[in-house]
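As a plain string of letters, each chain reads:
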Amino acid sequence: MTTPISFPSTTTNFSLPLLFSGQAQKEISINQTVSMLDALIQSSVDASLSSPPTDPKDGSTYRVLANATGDWAGKEDQIAIQLGGAWHFIAPKAGLRLFDRQTGGSSHYDTSWNSANEPTLDSGGAVIDAEARQVLVDLIEALRILGIFPKSL
């Protein structure tokens, strides 16, 4: 006789709900998991906020900032997804990158969220090399286009 395989109730990486044998109303777990995957696949959020928006659309996603309030209290650094009128939270794993559609910039998660700071360009100096400065301006703009630096607002 073979020993039956025992599965955990959630996935290893993002704790997405799994079905279990004999489960009633499987569609609830399946729909929740598919909706969470739908939010994660694009690796982007609508914005990064410390409090929930007042009237979120179903499927909207946010990166929860420090000092979170309301329904997000205690969920700092997590990704909040509005599904079926309720907030669902996904804890990030090291290596996750998110694009913030509000700022146009990207963040990377290691043990906390990090993003690159755009360097300040010099305007003076004893020797001015206009070509080198233009290369730096072009490089910063290229990194802005790639989402490394947020777009200028």
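Scroll up to find the structure.
Residues numbered from 1 in each chain as written. Predicted model: local features only at pLDDT ≥ 70, side-chain atom pairs only at ≥ 80, totals over all residues. Heavy atoms only, no water.

A.B. asks: Provide a residue-level description of the pairing of strand β6 (residues 97-100), including the pertinent values.
C.D. replies: The side-chain alternation of β6 yields one buried face, formed by L98 and D100, and one unburied face, formed by R97 and F99. For strand β1 (residues 44-45) and β6, the ladder comprises 2 bridges, and the chain directions are parallel. Looking at the pairing, V45 lines up with D100 of β6. Pairing analysis gives 4 bridges linking β6 to strand β7 (residues 105-109), with the strands arranged antiparallel. Directly across from R97, in β7, lies its bridge partner H108. Hairpin connection, β6 to β7: the antiparallel pair is bridged by 4 residues, and G104 has positive phi, about 80°. (Buried < 20%, exposed > 50% of the residue type's maximum accessible area, 1.4 Å probe, protein only. Helix = DSSP H or I, 4+ residues; strand = E, 2+ residues; numbered from the N terminus. Pairing = 2+ DSSP bridges.)

A.B. asks: Before we move on, could you go through the pattern of salt bridges and cite the residues and values that matter?
C.D. replies: Within this structure, the stated rule accounts for 2 salt bridges. Two residues, D46 and R101, come together in a salt bridge whose shortest N-O distance is 2.5 Å. Remark: R101 occurs in the loop between β6 and β7 and D46 occurs in the loop between β1 and β2 (47-49); sequence separation between them is 55 residues. (Salt bridge = Lys/Arg side-chain N within 4 Å of Asp/Glu carboxyl O.)

A.B. asks: Residues and numbers for unusual backbone geometry, please.
C.D. replies: In this structure, N67 is a non-glycine residue whose phi angle is positive, near 60°. Here N67 is to be found in the loop between β3 (61-64) and β4 (79-83). Positioned with a positive phi, D77 is a non-glycine residue whose angle comes to about 75°. Residue position: D77 is located in the loop between β3 and β4.

A.B. asks: Outline the environment of G85, listing residues and values.
C.D. replies: As for its placement among the helices and strands, G85 is situated in the loop between β4 and β5 (86-90). For G85, a relative accessible area of 65% puts it in the exposed group. It is 6.8 Å that separates the C-alpha atoms of G85 and D58, two residues lying 27 residues apart in sequence.

A.B. asks: Could you give an account of the layout of surface pockets, with specific residues and numbers?
C.D. replies: Vacant regions in the atomic arrangement are exposed by a probe of water-molecule size rolled over the atoms. Put simply, the largest pocket is a space of about 160 Å³. Looking at the largest pocket, it is lined by 14 residues, and the ones nearest its centre are T103, G105, S107, S115 and P150. Here the lining of the largest pocket is built from residues that sort into 3 nonpolar, 8 polar and 3 charged. (1 Å grid on protein atoms, 1.4 Å probe; cavity = no way out; pocket = protein on both sides within 12 Å on 5 of 7 lines; lining within 4 Å. Points joined across faces, edges and corners; volume = space filled by probe spheres on them. Nonpolar A, V, L, I, M, F, W, Y, C, P; charged D, E, K, R; others polar.)

Read these as layout, nothing more, since geometry by itself doesn't imply function.
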